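Chains, contacts and geometry: an overview
What follows is each chain in one-letter form.
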Amino acid sequence: MTAVATQQDRDIHATVGSAFRALLLRDLFVLRKNLREFIPRTILQPLLLVFVFTYVFPKIGQGVGGSAQGEAAFSTLLVAGVLGSVILFQGVQTVALPLVQEFGYTREIEDRVLAPMPVELVAFQKVVSGALQCLLAALIVFPIARFVPATPVHLDFNWPVLFTLIPLACVMSSALGLVFGTFFDPRTVPLLFGIIVVPLTFLGCIYFPWNSLEAIRWLQIGVLINPLVYISEGMRAALTAVPTMPLWVIYPVMSAFTALFLWRGIEGFKKRVLA
Amino acid sequence: MTGKDIMTQIDDTATNASDTSGPQEVIRTEQLTKIYPGGVKAVDALDLSVRQGEIFGLLGPNGAGKTTTAGMLTTRVVPTSGRAFVGGIEVWQHPSKAKRLIGVVPQTNTLDRALSVWENLYFHGRFFGMSAKQARSESDFLLERFRLAERADAPVAALSGGMAQRLMVARAVMHRPSVLFLDEPTAGLDPQSRIALWEILDELHTDGQTILLTTHYMEEADQLCDRLAIIDHGRLLALGTPAQLKASTGMDTVVTVIADGELTSLASLLGREVEGATGARVHDGTIRLGVKGARGVLPQVVQVAERAGHRVTDLSISEPTLETVFIALTGKDLRE
């Protein structure tokens, strides 16, 4: 009897594992199918940002940073900020928008919810596939941030940080996407971008290092609730020699945000699919 | 005959039919109850048993608790109390195991819009552990069988309602579930698509597929189902084959009478004076008189009515239907 039960448990683990992989496969298949939409959607905003701030401005003598040296420093710190914002934006967009639609109008998530696996894992799978798409977006955007600026970009790679922080940032952003995707409905989703994503981006230490906000102390403390601050600062620590917030702050805070978003997101998902 | 009498009579039949030598039980619910937040009792202590290979119908008006019951059996609605078993597995203790045993066709079109017709089947097969090769050949086979092969590469948004429904049935049976659940499968379909779907369900039934469907169309229940549970307000009112249910009303003929004047007194008069009358009630401006084993009923009805000063304007006879059963049980018809 026990042997039978153990065999059944093993069977169900195999079933759950293969269902999880198949769901991931479905998302990547859809991504490949829509690559012609994914690429322009991913690169346009960072391309314009980098192009205007680090190519057009220096060329027309309206450089950010004051001097030629200042301009180069700005291009360098913008690389990290742009990558950070792309990861966050991608996570929210890739996970939240389809979910809002699937919960709101079409209920087409149903078939995946009925796949032989726990509902929590269906939600977590969304985060994993979102994170993979964030990673892809970061890879596509990196050469733009590196090679478009008219002034030299001084990169100083910290590989261990790069290889641990990028995956963490991708998972955190997708988990945030899950929170938003289960919270907003088709009617309220425009608010997501207007009221949440835009402030997150502008106050996410993309254009300036967090240390420099010391001049505006209340803002420096205020932005600490913005998860993008830690991604941007982390990227800066991984890619440049610009002084950043300490890594012993960045890692635990990002991990805590990730755990919080995963918990809220999975709970929200369960609430939406189970009556 | 009252609703309670009918219940008792059908219970006897059901007990006789459920001896141990019969086919295996695939669905069982024990005191299954769902109370939604706000206190609405959608399903109230429901005990059901569905046997292998049968088409079992949950018949009742909108809001009777049919969809909630199906939802609790398919891991989508969390029961407030009671237990639900599919294939011997307690659904809420082992939802992942239970999901392997069920195929679900929900009320709305839930096909994956990001995928084509063929891809919808292919990925469904993969979700249930099929290899790429197996999923490919099974998708081809099912599209042929469900007459969708020509639309294999079409986006699902381009399918008509009937085609989308067929594809959802194909998807639901692809992983060979022990039970196929269909929630109001023909609601919103045109008559032709409805008949096409009935044919498909009939074929699946012939192949031995156990099917549980919810419906508020009595014709559908009558035509398709081996056995039916009539439910209202979340409670089981009657259980049996369509023939048993109809026989349980105790009548073999229903006389529908439209007359002028006060109908309630006429109804009780007809119930008393017409030979073989089993009961009469007024519903929707018409009198429905149940009769058993009597001949020449219509002239009698006219005579009794005219003697009491009523002018009969319309008169018809029919056999009892499931609607008759439902009215006998609840005093209202299914469309209410």
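Before reading on, note that the structure itself is shown above.
Overview of the structure. (Residues numbered from 1 in each chain as written. Chains lettered and ligands numbered in written order. Predicted model: local features only at pLDDT ≥ 70, side-chain atom pairs only at ≥ 80, totals over all residues. Heavy atoms only, no water.)

On inspection of all chains with the given rule, the structure shows 25 salt bridges over all chains. With a closest N to O distance of 3.1 Å, Glu25 of chain B and Arg28 of chain B form a salt bridge. For Glu25 of chain B, a relative accessible area of 32% translates into the label partly exposed. Residue classification places Arg28 of chain B among the partly exposed positions, given a relative accessible area of 29%. The closest approach of N and O atoms between Glu30 of chain B and Arg28 of chain B, which form a salt bridge, is 2.9 Å. According to the relative accessible area criterion, Glu30 of chain B is partly exposed, its value standing at 26%. Linked by salt bridges that have partners in common, Arg26, Asp27, Glu102, Arg112 and Lys126 of chain A together with Asp112 of chain B make up one network. (Salt bridge = Lys/Arg side-chain N within 4 Å of Asp/Glu carboxyl O. Buried < 20%, exposed > 50% of the residue type's maximum accessible area, 1.4 Å probe, protein only.)

Before going further, it helps to spend a moment on the environment of Thr15 of chain A. Tracing the sequence through the fold places Thr15 of chain A in helix α1 (residues 2–33). Taking the C-alpha atoms as reference points, Thr15 of chain A and Pro116 of chain A, separated by 101 residues in sequence, lie 6.8 Å from one another. Leave out the neighbours within four places in its chain, and Thr15 of chain A touches Pro116 of chain A together with Arg100 of chain B. (Helix = DSSP H or I, 4+ residues; strand = E, 2+ residues; numbered from the N terminus. Contact = heavy atoms within 4.5 Å.)

All names here are of chain A. Structurally, Leu213 is set in the loop between α7 (189–202) and α8 (217–222). Considered as a pair, Leu213 and Val223 are ten residues apart in the sequence and their alpha carbons are 9.6 Å apart. Sequence-distant contacts of Leu213, that is, excluding residues within four places in its chain, are made with Cys205, Phe208, Leu219, Gln220 and Val223.

Residue and element names in this part refer to chain B. What the six strands build is an open sheet, ordered β6-β7-β8-β3-β9-β10; its pairing is mixed. Both edges of this open sheet fall to β6 (102–105) and β10 (235–240), since each of them pairs with a single strand only. When strand polarity is set aside, the average angle formed by the axes of neighbouring strands in this sheet is 15°. Two elements, strand β3 (residues 55–59) and strand β8 (residues 210–215), share five bridges in a ladder whose sense is parallel. By the bridge assignment for β8, Phe56 is matched with Leu212. (Pairing = 2+ DSSP bridges. Axes fitted to C-alpha atoms, helices over the stretch in contact; angles between N-to-C directions.)

Another point: the nonpolar core. Nonpolar side chains tend to gather and get buried jointly when the protein is soluble and globular. Ranked by internal contacts, the top residues of the largest apolar core, which has 137 residues, are Met254 and Phe269 of chain A together with Leu167, Val169, Leu180 and Ile230 of chain B. When residues of this core are assigned to their parent elements, the largest contribution, 16 residues, is made by helix α3 (residues 68–106) of chain A. In contact with Leu180 of chain B, not counting residues within four places along its chain, are Gly103, Val105, Val169, Ala172, Val173, Leu201, Leu204, Gln209, Thr210, Ile211 and Leu212 of chain B. Formed by 29 residues, the second largest nonpolar core is a distinct cluster that contains Leu48, Val77, Val91 and Ala229 of chain B. (Core = buried A, V, L, I, M, F, W, Y, C linked by side-chain atoms within 4.5 Å.)

What follows deals with the interface of chain B and chain A. With 31 residues of chain B in contact, the opposing surface of chain A contributes 31 residues. Overall, the association of chain B and chain A removes approximately 2600 Å² of surface from exposure, summing both partners, and the carbon and sulfur fraction of that is 57%. The largest share of the area that chain B buries against chain A comes from Arg76, Lys99 and Phe127 of chain B, three residues that together contribute 30% of it. For the interface between chain B and chain A, the tally reads five salt bridges. Between Asp111 of chain A and Arg171 of chain B there is a salt bridge, with the nearest N and O atoms lying 3.6 Å from each other. Inspection of the chain B/chain A interface yields 14 residue pairs in polar contact (both at pLDDT 80 or more). (Buried area = accessible area lost by both parts, 1.4 Å probe. Polar contact = N/O pair within 3.5 Å; in protein donor to acceptor, adjacent residues only side chain to side chain.)

Here helix α6 (residues 159–183) of chain A contains 25 residues, and its C-alpha end-to-end distance of 36 Å stays within 8% of the 36 Å for a straight helix at 1.5 Å per residue. Counting buried positions along α6 of chain A yields 18 of 25 residues, so the element is predominantly enclosed. (Expected span 1.5 Å × (residues − 1).)

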